[in-house]
Every structure is written in structure tokens, then in C-alpha cells.
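Overview (structure and organization)
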Amino acid sequence: MHDGLIGAALPSVAALAYLGDARHALFVRRMLIEKGICKSGELNEAALSFVTAEAQARMMRRIEHLLLDDERDVYKRAANSGHLNRPRHASAADYRAATGFEAVIGMLEWVGDEERLEMLLHTAHEEG
């Protein structure tokens, strides 16, 4: 658990997903630069394959079995929130999973659990 910081101590799941989206984008940008991609156009094009709902749903499936109880609670609340406006190109299931993924990442960023955040992001991005 993360110091018992669940429920009312956290921002809304929509706010956590918003924060998580930004934190995940930062992780992706760093990862791509570390791979040696240096031109902004190439970076933007490469980043697109990691930030779609479909890609994030796949990442969520890679880490779902690792979630702690409070992370699982945030994931479920975000994935089941009724106000999701999914893009036309994403399935409802992928968009819900992606929103849950972003909310978990946002929660870990919010509570400052950098070690857990990095472990889950690295695992989420592993191929295979």
C-alpha cells in the first residue's frame, strides 16, 4: 500500500489520469531519447506508438497482475468511470483500460512513489 493514501486523500480519477498521461509521456520521451532518437519529428512519430489507447491497454495487461490493492482500486474506478469520451479509433475496452493505466501512473506520481512508478512503467514497456 502507499501509506494508506486512497479514496478522499487522492484527487479524482479523472485528475489522476490527466497527471498519469503527462507522466507516461515524459517516460516515453526519455526512453526514446535514451535510444538515440534526437530529431523532434522522429521523436514525435515514435512516441505515437506508445501513447494510444490500444498501446496503453496492452501495457495495462502487462502490469495488471502486479497491482497492489490501492492501485487496483484506482484502476477499476478510472476504467469504470462513466464520463469517458473515447476517440473514434479506440475500442471502449481499450480506452477504459488505458484510462485506468493513466490513473494508476498518476496516483503513483501524486503520492511520490518513484521507485514503484519506474518499476511498473519499465514492466509495462517490456515486449513479449
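**Topic: the overall build of the protein chain**
- The helix and strand inventory of the protein chain stands at six helices and zero strands.
- Ordering the α and β elements of the protein chain from the N terminus gives α-α-α-α-α-α.
- In the protein chain, which comprises 128 residues, the proportion classed as buried is 41%.
- Long-range pairs, those at least 24 residues apart, make up 71% of the contacts in the protein chain with a sequence separation of at least 6.

**With respect to the pattern of salt bridges**
- Taken as a whole, this structure holds six salt bridges when the rule is applied.
- For R30, the salt bridge identified is with E34, shortest N-O distance 3.7 Å. Here R30 and its partner E34 are both found in helix α1 (residues 13-34), four residues apart, which amounts to about one turn of the helix.
- With a shortest N-O distance of 3.2 Å, R77 and D73 are connected by a salt bridge. Here R77 pairs with D73, and both are found in helix α4 (residues 69-79), just four residues apart, close to one helical turn.

**Description of the side chain of D94**
- The topology assignment puts D94 in helix α5 (residues 92-111).
- Salt bridges are absent for the buried D94, whose nearest opposite-charge side chain, R61, sits at 4.0 Å.

**Section: the confidence of the model for the protein chain**
- When pLDDT is averaged along the protein chain, the result is 89; 88% of the residues meet or exceed 70.
- Mean pLDDT in the protein chain bottoms out at helix α2 (residues 40-48), which sits at 85, and peaks at helix α6 (residues 114-124), which reaches 97.

**Some thoughts on the packing of α1 against α2**
- The interhelical angle for the contact between α1 and α2, taken along N-to-C directions, is 120°, at an axis separation of 10 Å. The angle between α1 and α2 places the two elements in the oblique class. As α1 packs across α2, the resulting crossing turns out to be right-handed. For the pair α1 and α2, the contacting residues are V28, L32 and I33 in the first and L43, A46 and A47 in the second.
- Class assignment of the residues belonging to the contact of α1 with α2 gives a composition of six nonpolar, no polar and no charged.

**Digging into the environment of R116**
- By the secondary structure assignment, R116 is in helix α6.
- As for R116 and I105, which are separated by eleven residues in sequence, their C-alpha atoms are 9.6 Å apart.
- Looking at R116, its side chain comes within polar contact range of the main-chain oxygen of L66, at 2.6 Å.

**Some words on the nonpolar core**
- Judged by nonpolar contacts, the single largest core of 33 residues is most densely connected at L32, I63, L67, Y75 and F101.
- Sorting the residues of this core by element identifies α1, α2, α3 (53-63), α4, α5 and α6 as the ones contributing at least two each.
- Beyond its immediate stretch of four places on either side in the chain, Y75 contacts M60, E64, L67, A97, G100, F101 and V104.

The rules we used
- Residues numbered from 1 in each chain as written.
- Predicted model: local features only at pLDDT ≥ 70, side-chain atom pairs only at ≥ 80, totals over all residues.
- Heavy atoms only, no water.
- Helix = DSSP H or I, 4+ residues; strand = E, 2+ residues; numbered from the N terminus.
- Buried < 20%, exposed > 50% of the residue type's maximum accessible area, 1.4 Å probe, protein only.
- Contact = heavy atoms within 4.5 Å.
- Salt bridge = Lys/Arg side-chain N within 4 Å of Asp/Glu carboxyl O.
- Lys, Arg positive; Asp, Glu negative; His and termini not counted.
- pLDDT = per-residue confidence, 0-100.
- Axes fitted to C-alpha atoms, helices over the stretch in contact; angles between N-to-C directions.
- Parallel < 35°, antiparallel > 145°, perpendicular 65-115°, else oblique.
- Left-handed = near helix turned anticlockwise from the far one by under 90°.
- Nonpolar A, V, L, I, M, F, W, Y, C, P; charged D, E, K, R; others polar.
- Polar contact = N/O pair within 3.5 Å; in protein donor to acceptor, adjacent residues only side chain to side chain.
- Core = buried A, V, L, I, M, F, W, Y, C linked by side-chain atoms within 4.5 Å.

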